[in-house]
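# Coordinate analysis (summary)
Residue strings, one per chain:
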Amino acid sequence: MRNKLFTVPHLFKLVFLLGLVLVVQFAYVTSFFAVFGVAMEDPNNPHNYEAYQALVPVITIATIFVADFLQMPRFFRKKNIDVVSQTLYFSFLITLITLAAKDLTEQRAFPRSVILVSFIILILYVFVWEMICCFISHKMYANSDLVIIGSNKATMDQVRNKIYPSLKGMDLDLSKSIRYSDKSAIRAAIRNKSEIFICPDVPEDVKSEIILSCAKNKTVVYVVPQFYEISLYKSRIINLNDLMVMLVDRMGLTFEQSIMKRFMDIVISLVAIILSAPIILICAIVIKCSDGGPVFYRQERLTINGKPYKIFKLRTMKMNAEADTGAVISGKNDPRVTPFGRFLRRSKLDEVPQFYNVLMGDMSVVGPRSERPEFVTNFEKEIPGYTQRFAVKAGITGLAQVAGNYDTTAQDKLRYDLLYIKNYSVLQDLKIMFMTVRAIFTPHLYNQTFEDNKGTYVSTDREQHEK
């Protein structure tokens, strides 16, 4: 059967691109109005607006190509944070292209002040347009069924409870669970265009077979990556004679990336230390007055290459909290945490002294969360590839912290840490910092535990029968 040339999704993408072109041009017109008023041009240089008009074709073509490069017309499973990052990248690139085109085409009458103002207006207009299209996209289609494939009921139920909270905004309904040994049921689910979620315990050969079948039937499949799969992410493809191979490079940052990251760490840590000094002083007074104990505590943690260092934090626990228990990972509603300590943890103020560690070079602002040597020893025995997270410096915040939950397992956090290392860029660091600030002011988006969501899914009679 031949595919239709134009479907509703295709037309919707064209409408989005056309609207995006109009939004971008309207942003520049608004910028002229903001800078020069109703006249739309500088009285001393009446060719300002004409210079912009000469660049309209260039800006239009650039808008379409940049939007396609950033996959902006693709609304399938797009989240709000994706809209934010795409909007920022798009506005930045269009502004750079406009500045370059202005000089290359010698349209120097186009004021730089207008272009700079348009950057801010672009962010606002493009964001609103994307959000409108996301809303329309969600309303256009019915929810899809999601089928979980695993080895046993316990594993599939665990995955079901874990992923359920995230499905509310993804237009997905949990349908049923199928054991990977039931191949006929799997084939039927794939033929019915149900989206497939493969649990981590499915054998590699079976996983490969399921993914191949999904590809043939153009069915969406979700895979929890293992270490070797993450290591392949963004790997270089080279040819050895006529043999295509993927070059899995060493984990870690390049020399130039390390230099840039260290420069950013110094600047950000200095600014943070200066701005936070009055707040830290107030917190120190409250901690001291509460029980007379020390304000700060220093604890041995591990950073790049497993190097030990002393981390600085505001004390949130009672004095001698581990005298009876020994080294124990702190959990939600930990009784050892003081009342003021709970406030410090919720507001993340207890983490602020770590900027001193960043300034001294032991840590980075963004990176894998630092752990105590006792826990690392156990994790390295239990979790394959755990040592690779020490390819970069430990961070105050990281991808695992903003993408995970408070009780996300060490193995799931490792996946995010390894992905961060493989996908490192300055823009990614800035994005994680933005998400961290957002998490502080909207903690329910990131810190709601899976435990709070258990029981929210009710199995249907059909599912109980099939289990």
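These lines cover the structure that appears in this document, whether it is placed above or below. (Residues numbered from 1 in each chain as written. Predicted model: local features only at pLDDT ≥ 70, side-chain atom pairs only at ≥ 80, totals over all residues. Heavy atoms only, no water.)

### Regarding a nonpolar patch on the surface
Where nonpolar side chains cluster on the molecular surface, the patch consists of Val-8, Leu-124, Phe-127, Val-128, Ile-132, Phe-135, Ile-136, Met-140 and Tyr-141 and spans about 780 Å² of accessible area. The greatest single-element share of the nonpolar patch, amounting to 7 residues, is contributed by helix H4 (residues 112–140). Following the sequence through the fold, Ile-136 ends up in helix H4. (Patch = residues over 30% accessible without salt bridge, like charges linked within 9 Å, V, L, I, M, F, W, Y side chains within 5 Å. Areas by Shrake-Rupley, 256 points an atom, 1.4 Å probe, with all protein chains shown as cover. Salt bridge = Lys/Arg side-chain N within 4 Å of Asp/Glu carboxyl O. Helix = DSSP H or I, 4+ residues; strand = E, 2+ residues; numbered from the N terminus.)

### Considering the sheet that holds strand S3 (residues 195–198)
Taken in spatial order, the 4 strands of this open sheet run S2-S1-S3-S4, and their pairing is parallel. Strands with a single pairing partner mark the edges of an open sheet, and in this sheet they are strand S2 (172–179) and strand S4 (221–223). With direction set aside, neighbouring strand axes in the sheet form an average angle of 25°. Note: strand S1 (residues 144–150) against S3, 4 bridges, orientation parallel. If you follow Ile-148 over to S3, its bridge partner there is Phe-197. Lying on the sheet, helix H5 (residues 153–167) is in contact with S1, S2 and S3; it crosses S2 at an angle near 170°. (Pairing = 2+ DSSP bridges. Axes fitted to C-alpha atoms, helices over the stretch in contact; angles between N-to-C directions. Contact = heavy atoms within 4.5 Å.)

### Observations concerning the nonpolar core
Among the nonpolar cores identified, the biggest contains 43 residues, and Leu-314, Phe-355, Tyr-386 and Tyr-420 are the most heavily contacted of them. Considering every element that reaches this core, the biggest residue donor is helix H9 (residues 255–291), with 7 residues. For Phe-355, the residues in contact, after removing those within four places along its chain, are Ile-268, Ser-269, Ala-272, Ile-273, Val-365 and Ile-396. Within the second largest apolar cluster, 33 residues are counted, among which are Leu-20, Ala-62, Ala-109 and Cys-134. (Core = buried A, V, L, I, M, F, W, Y, C linked by side-chain atoms within 4.5 Å. Buried < 20%, exposed > 50% of the residue type's maximum accessible area, 1.4 Å probe, protein only.)

### Points about the packing of aromatic side chains
In total, this model carries 16 aromatic pairs according to the counting rule given. Seen from their ring centres, Phe-32 and Tyr-52 are 5.7 Å apart, and the 50° between their planes marks the pair as tilted. Of this pair, Phe-32 sits in helix H1 (residues 8–36) while Tyr-52 sits in helix H2 (residues 48–69), and the two are 20 residues apart along the sequence. Exposure class is identical for Phe-32 and Tyr-52. Each is buried. Each member of the aromatic cluster is reached from another via a ring pair, and the members are Tyr-28, Phe-32, Phe-36, Tyr-49, Tyr-52 and Phe-110. Of note, Lys-78 hangs over the ring of Phe-75, and the distance from its end group to the ring centre comes to 4.3 Å. The ring of Phe-390 carries Arg-389 above its face, with NZ or CZ at 5.6 Å from the centroid. (Phe/Tyr/Trp six-rings, centres within 6.5 Å; stacked < 30°, edge-to-face > 60°. Lys NZ or Arg CZ within 6 Å of the ring centre and 35° of its normal.)

### Digging into the pattern of salt bridges
For the structure on display, the rule yields 15 salt bridges. Here Glu-351 makes a salt bridge to Lys-313, at a shortest N to O gap of 3.7 Å. Pair noted here: Glu-351 is in the loop between helix H10 (339–347) and helix H11 (354–360) and Lys-313 is in strand S8 (residues 308–314), with a separation of 38 residues, a long-range link. Look at Glu-351 and you get buried, because its relative accessible area is 13%. Accessibility expressed as a relative area gives 9% for Lys-313, which makes it buried. The partner of Asp-412 in a salt bridge is Arg-415, and the shortest N-O contact between them spans 2.5 Å. Taken as a pair, Asp-412 and Arg-415 lie in helix H14 (residues 410–422) at a separation of 3 residues, close to a single helical turn.

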